[in-house]
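Now for the letters of each chain:
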Amino acid sequence: MPTETSPILLWCRRDLRLSDHPALTEAARSGRPVVPVFLLDEVVEGLGAAPKWRLGLGVDVFAKALESIGTRLILRRGPALRVLRELLRETGATEVWWTRQYDPDQIARDKAVKAALHDAGLEARSFPGHLLFEPWTLQTGQGKPYQIYTPFWRAALGRGVAQQRLAPPTALTTPQHWPESEDLADWQLGRAMNRGAEVVRAYIHVGEAAAQMRLATFVRDRMEGYARDRDRLDLDASSGLSENLAYGEISPLALWEAGQRAMEDGKSGAETFLKEVVWREFAYHLLYHTPHITQESWRASWESFPWKPESAETLRWKQGRTGIEVVDAAMRELYVTGRMHNRARMLVASYLTKHMLTHWRVGQRWFADCLIDWDPASNAMGWQWVAGSGPDASPYFRIFNPQTQAETFDPEGTYRRRWLAEISDDPPETALRFFDACPRSWGMTPDQDYPAPLVGLAEGRKRALDAHEWWKTSSRT
Ligand code: FAD
């Protein structure tokens, strides 16, 4: 049984911030000793190369933030339940508190931990903080989960967000004895990044302070033009905050409040920005209510489509050597920066699934390995939305023509030249960085001839339309 003096284990996961952190604030208010812990557990072990590396950097900065308020972050490695039990024994804590996560792996782990602790007479308590609305609270009039974005957005706006911003605690009560902590460097979370880490490092913004600065700069300089410019590949017109949201270095509430304030101030891009923040919510609500979205086609009929598997052709897609400039530039941007422009994500996903007829899961897995803003909900929803296998108001077969998209959203070719060395006589530094980051085994050099298209635009369109016919027939049967 918890007593007024028994310590609380605060299990930090994707909530690496001091402000807007309900579990942390409540623990501070309780006056009880708090032992913040981060675990290299089965879920973290399973992350792709880039998100695992980036998470480690976030943990390091968060540990320092905790030190700044007089406490510590204890690091332990091993299966969550076993390690938590050890920590409970070592600290005399009777409760574990955490911020809720909504992907199937974390839900399964958390349920198992909760049940085992309960059986042992111990308590597990979960808190909100990762979303604006808990997935079971925003539902249709019939009490069903939303499957279509627009009514979801209207409901979100109509409901408003009930959560309040929370200031960072200035102190936490510390335990009399700290348990042993492991050394973050020993975990080598960046091992799978190989030589890519040094290249990607130049593009990241780690930690809560960096995230808040990013938000403030975005509101000041880019919010006004956001609706107009966010689709332009050649401009830096969005917030870049998905990286920080992914690790909880900033709360969605902070973005929501900034958007609301900008709307009151009459900034024209503010509503579009809020809508994007709500797309993230929508993805999480879909994930929670239909968790198979991470593994299987949301529309079951797409499971029997003759998708092509991983192949030598998909390696060319990963390498940015499809011979379609805008697709290849985007794939290089991903490898060099750990990010990709939102429109470019749609273009490369469309090319892989519609032109190359390759399973969306191949692309989903590659993104999960390369994106520093990898997010289980947005990634699964994004891939299935483009592939046509996800939920839509009136499903139709989306085909992005890479040529017209490039002409519209990269009118001067700036984006393509920025990332693709082979198309310039004197490539910029940005494009050359790819060759420092990519595996040596790929044997790629900037002076190689640029390849002919893997799938030309006319052939791609034909394949996509044939697939559309397949879908129309199969969805009727
Ligand atoms: P901004 O334009 O500044 O938008 C603000 C916030 O709104 C973002 O940080 C993000 O949280 C949310 N948002 C914006 N666009 C979307 C969207 N289309 N879907 C869901 N949320 C959105 N986003 C990820 O965070 N992680 C992923 O792994 C991911 N994978 C994707 C895969 C595909 C195939 C596609 C098409 C999209 C994917 N997205 C993913 C969504 C989107 O591309 C990114 O959220 C966006 O590019 C982030 O840039 P930003 O922070 O500058 O966004």
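Fair warning: this is a prediction, and the values are worked out from it, not measured in the lab. (Residues numbered from 1 in each chain as written. Predicted model: local features only at pLDDT ≥ 70, side-chain atom pairs only at ≥ 80, totals over all residues. Heavy atoms only, no water.)

A word on the overall build of the protein
This is how it is decided: Helix and strand assignments come from DSSP, with helices taken as H or I runs of at least 4 residues and strands as E runs of at least 2, each series counted from the N terminus. For a compact globule the rule gives 2.2 Å times the number of residues to the power 0.38, and the radius of gyration it is set against comes from C-alpha atoms. The cut-offs for exposure are 20% and 50% of the maximum accessible area for each residue type, with area from a 1.4 Å probe on protein chains only; residues under the lower value are buried, those over the upper are exposed, and the others partly exposed. Note on contacts: a residue pair is in contact if any heavy atoms of the two residues lie within 4.5 Å. A 1.4 Å probe and the Shrake-Rupley method give the accessible areas. Residues count as covered only by the protein chains that appear here.
On a plain count of helices and strands, the protein comes out with 22 helices and 5 strands. Taken over C-alpha atoms, the radius of gyration comes to 23 Å for the protein, in line with the 23 Å a tight globule of 477 residues would show. Principal axes of the C-alpha set define a box for the protein whose edges measure 70 × 55 × 45 Å. Buried positions account for 58% of the 477 residues belonging to the protein. Summarising the internal contacts of the protein: among those between residues at least 6 apart in sequence, 81% fall at separations of at least 24. Of the accessible surface of the protein, which amounts to about 20,100 Å², a share of 50% is contributed by carbon and sulfur atoms.

Things to note about the site of the ligand
Note the cut-off: To be near a molecule or strand, a residue needs just one of its heavy atoms within 4 Å of it. Counted as a polar contact is a pair of N or O atoms within 3.5 Å, where, for protein atoms, one must be capable of donating a hydrogen and the other of accepting one, and residues adjacent in sequence contribute only when both atoms are in side chains. Gly counts as polar in this scheme, as do all residues outside two lists: the nonpolar Ala, Val, Leu, Ile, Met, Phe, Trp, Tyr, Cys and Pro, and the charged Asp, Glu, Lys and Arg.
Taken together, 26 residues form the shell around the ligand, and within it Tyr-226, Ser-238, Ser-239, Gly-240 and Asn-342 come nearest. For the ligand, an oxygen atom lies 3.3 Å from a polar atom in the side chain of Arg-345. In this structure, Asn-379 approaches the ligand through a side-chain N or O atom, which is 3.4 Å from a nitrogen atom. Isolated, the ligand exposes 820 Å² of accessible area, and the fraction of that covered by the protein chains is 94%. Listed by contribution, the elements that provide at least two residues to the shell around the ligand are helix H11 (242–246), helix H13 (270–289), helix H16 (342–355) and helix H18 (376–387). A per-class count over the shell around the ligand returns 12 nonpolar, 8 polar and 6 charged.

A closer look at the packing of H16 against helix H17 (residues 360–370)
A packed helix pair is summarised by two numbers, namely the angle formed by the two axes and the spacing between the axes. Test applied: Axes, fitted as lines to C-alpha atoms, cover a helix only where it is in contact. Angles between the N-to-C directions of the axes lie from 0 to 180 degrees. Here roughly perpendicular refers to angles of 65 to 115 degrees, roughly parallel to angles under 35, roughly antiparallel to angles over 145, and oblique to all remaining angles. It is the rotation of the near helix from the far one that decides the hand of a crossing: anticlockwise by less than a right angle makes it left-handed, clockwise makes it right-handed.
Packing of H16 against H17 brings their axes to within 9 Å, and their N-to-C directions diverge by 140 degrees. In this view, H16 runs oblique relative to H17, as classed from their interaxial angle. Where H16 crosses over H17, the two elements pack in a sense that is right-handed. Contacts from Arg-345, Val-348, Leu-352 and Thr-353 of H16 reach H17 at Trp-360, Val-362, Gly-363 and Phe-367.

A closer look at the pattern of salt bridges
Here is the rule we go by: Salt bridge, as used here, is a side-chain nitrogen of Lys or Arg placed within 4 Å of a carboxyl oxygen of Asp or Glu.
Within this structure, the stated rule accounts for 36 salt bridges. Here Glu-243 ties to Arg-214 by a salt bridge, and the two come within 3.0 Å at their closest N and O atoms. Taken together, the residues span a long stretch of sequence, with Glu-243 in helix H11 and Arg-214 in helix H9 (residues 208–221) at a distance of 29 residues. For Glu-243, a relative accessible area of 0% puts it in the buried group. Overall, the relative accessible area of 11% leaves Arg-214 in the buried class. A salt bridge links Arg-433 to Glu-429; the nearest nitrogen and oxygen atoms lie 3.7 Å apart. Taken together, the residues span about one helical turn, with Arg-433 and Glu-429 both in helix H21 (residues 429–437) at a distance of 4 residues. A residue is classified by how much of its surface remains accessible, and Glu-429, at 48% relative accessible area, is partly exposed. What emerges from the salt-bridge pattern is a single network uniting Arg-13, Asp-41, Arg-109 and Asp-110.

Re unusual backbone geometry
Although it is not a glycine, Gln-188 sits at a positive phi angle of roughly 50 degrees. The topology assignment puts Gln-188 in the loop between helix H7 (184–187) and helix H8 (196–200).

As for the environment of Lys-318
For Lys-318, the location among the structural elements is in helix H14 (residues 312–319). Residues Lys-318 and Thr-25, spaced 293 residues apart in sequence, show a C-alpha to C-alpha distance of 43 Å. Residue contacts for Lys-318: discarding those within four places in its chain leaves Glu-310, Met-331, Trp-366 and Trp-442.

Section: the packing of helix H15 (residues 325–337) against H17
At their nearest, the axes of H15 and H17 sit 9 Å apart, and the two run at 35 degrees to each other. Residue-level contacts link Met-331, Leu-334 and Tyr-335 of H15 to Trp-366, Phe-367 and Cys-370 of H17. For the contact of H15 with H17, the per-class residue count stands at 6 nonpolar, no polar and no charged.

Structural notes on the state of the cysteines
Condition: Criterion for a disulfide: a pair of cysteine sulfur atoms at a distance within 2.5 Å.
Going through the model one piece at a time under the given rule, you end up with 0 disulfides. Cys-370 takes part in no disulfide bond, and the closest cysteine sulfur to it belongs to Cys-438, at a distance of 12 Å. Accessibility expressed as a relative area gives 1% for Cys-438, which makes it buried.

Quick word on the sheet that holds strand S3 (residues 74–77)
Put simply, the test is: In this analysis, strands are considered paired if DSSP registers two or more bridges between them.
With parallel pairing, 5 strands are arranged side by side in an open sheet as S3-S2-S1-S4-S5. Unpaired on one side and paired on the other, S3 and strand S5 (123–127) mark the two borders of the sheet. Pairs of neighbouring strands in the sheet enclose a mean axial angle of 30 degrees, with direction left out of account. Pairing geometry for strand S2 (residues 34–40) and S3, over 4 bridges, is parallel. Paired with Leu-40 across the strands is Arg-77, a residue of S3. Here helix H1 (residues 22–30) sits on the sheet in contact with strand S1 (8–11), S2, strand S4 (95–99) and S5, set at roughly 145 degrees to S4. Contacting S1, S2, S3 and S4, helix H4 (residues 80–91) runs over the sheet at an angle of about 135 degrees to S3.

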